[in-house]
Amino acid sequence: MATWNHILLIDSNSPLMEQLNFFHDHTLLIITLITILVGYNMLSLLTNSFINRFLLHGQLIEIIWTILPAIILLFIAFPSLRLLYLLDETNKPSLTLKSIGHQWYWSYEYSDFKNIEFDSYMVPSAELNEGDFRLLDVDNRIVLPNHTQIRLIATATDVIHSWTVPSLGVKIDATPGRLNQT
């Protein structure tokens, strides 16, 4: 479980989350390089004199600092778009799980196998065992197979809910009157 002093993302359990980790590291590297470059420029402006006779005519530098950010944005945009399409792709799922968000609990339906349905409520704080997480443990957990394509359909009955498994890279909003799929 993530705590306040964790800097990086949690360990991945799916290829999509692994790609999200790589994209995070890629973007973090670009942002670090930009921060170092801007910091160096600011430090050199503070320590050097501001007199330069060629400073008045600087079309070349204006072209460079206009085109360079566009190129940097392309280095971030192309991997981001690739990852966005990978996350939205669904290939012939073996199992469909329907998740319905209610005010204080979730209802689940395995519609592929004889309509198995159950509700999942949070465990009250008074009934928690040693090592259980408060407000995170439930009485009926969903069971999903490993190394299998799974379709998750999420909806809600009252307000917008968020269904997430961070280690799999899955986060979907359950909105009333709408079926979202991942």
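Predicted model, so just to flag it, every value in this text is computed and none were measured.

1. Observations regarding the side chain of S107
Among the structural elements, S107 can be located in strand β2 (residues 105-110). When its relative accessible area of 10% is taken as the criterion, S107 is described as buried. Polar side-chain contacts of S107 include one of 2.9 Å to the side chain of H102. Side chain to side chain, S107 and D119 meet in a polar contact 2.7 Å long.

2. Overview of the environment of I61
Residue position: I61 is located in helix α2 (residues 59-88). Note on I61: relative accessible area 42%, which makes it partly exposed. The spatial distance from the C-alpha of I61 to the C-alpha of W106 is 58 Å, given a sequence separation of 45 residues.

3. A few points about the domain arrangement of the protein chain
Where the parts come together, the accessible area they lose is often given as the size of the interface. Domain parsing of the protein chain yields domain 1 (15-88) and domain 2 (95-181). Each of domain 1 and domain 2 was reduced to a C-alpha centroid, and the two centroids are 40 Å apart.

4. So, the pairing of strand β5 (residues 161-165)
Across a regular strand the side chains alternate sides, sitting on one face of the sheet and then on the other. Relative to strand β6 (residues 170-174), β5 runs antiparallel, the two being bridged by 5 bridges. Looking at β6, one finds that S162 is bridged to D173.

5. Quick word on the UniProt feature "transmembrane region" (unreviewed entry) in the protein chain
Per the UniProt record, "transmembrane region" (unreviewed entry) is annotated on residues 27-51 and 63-87. Helix makes up 100% of residues 63-87 and strand 0%. Its end C-alpha atoms lie 36 Å apart.

6. Let's talk about the pattern of salt bridges
Evaluated as defined, the whole model comprises 2 salt bridges. Of the charged contacts in the structure, one is a salt bridge between D137 and R141, with a shortest N-O distance of 3.1 Å. Look at D137 and you get buried, because its relative accessible area is 10%. Measuring nitrogen to oxygen at the nearest pair gives 3.7 Å for the salt bridge that ties K171 to D173.

7. What to know about helix α1 (residues 15-47)
Between its first and last C-alpha, α1 extends 48 Å over 33 residues, near the 48 Å set by a 1.5 Å rise per residue. Those residues of α1 that fall on the buried side of the exposure criterion are M17, N21, T27, I30 and S44. At its buried positions, α1 is contacted by α2.

8. Concerning a nonpolar patch on the surface
Among the surface-exposed residues, L60, I61, I64, W65 and L68 lie close enough to one another that they form a single nonpolar patch of about 530 Å² accessible area. Assignment of secondary structure puts W65 in helix α2.

9. Some remarks on the environment of P15
Along the polypeptide, P15 turns up in helix α1. Residues P15 and G169, 154 residues apart in the sequence, show an inter-C-alpha distance of 8.9 Å.

10. Focus on the packing of α1 against α2
Direction vectors running N to C along α1 and α2 enclose 170 degrees, while the axes themselves pass 11 Å from each other. What the angle tells us is that α1 and α2 run roughly antiparallel. Considering only the axes of α1 and α2, their crossing is left-handed. Mapping the contact onto sequence places L16, Q19, L20, F23, H26, T27, I30 and I34 in α1 and I72, F75, I76, P79, S80, R82, L83, L86 and L87 in α2.

11. Regarding unusual backbone geometry
Phi is positive for L135, close to 65 degrees, though the residue is something other than glycine. One non-glycine residue with positive phi stands out, namely H147, at about 55 degrees. Relative to the helices and strands, H147 is located in the loop between β3 (116-121) and β4 (150-156). Given a relative accessible area of 79%, H147 falls into the exposed group.

Criteria and cut-off values
- Residues numbered from 1 in each chain as written.
- Predicted model: local features only at pLDDT ≥ 70, side-chain atom pairs only at ≥ 80, totals over all residues.
- Heavy atoms only, no water.
- Helix = DSSP H or I, 4+ residues; strand = E, 2+ residues; numbered from the N terminus.
- Buried < 20%, exposed > 50% of the residue type's maximum accessible area, 1.4 Å probe, protein only.
- Polar contact = N/O pair within 3.5 Å; in protein donor to acceptor, adjacent residues only side chain to side chain.
- Domains from an automatic or database assignment.
- Pairing = 2+ DSSP bridges.
- UniProt positions renumbered as here; feature names shortened; annotations may be inferred.
- Salt bridge = Lys/Arg side-chain N within 4 Å of Asp/Glu carboxyl O.
- Expected span 1.5 Å × (residues − 1).
- Contact = heavy atoms within 4.5 Å.
- Patch = residues over 30% accessible without salt bridge, like charges linked within 9 Å, V, L, I, M, F, W, Y side chains within 5 Å.
- Areas by Shrake-Rupley, 256 points an atom, 1.4 Å probe, with all protein chains shown as cover.
- Axes fitted to C-alpha atoms, helices over the stretch in contact; angles between N-to-C directions.
- Parallel < 35°, antiparallel > 145°, perpendicular 65-115°, else oblique.
- Left-handed = near helix turned anticlockwise from the far one by under 90°.

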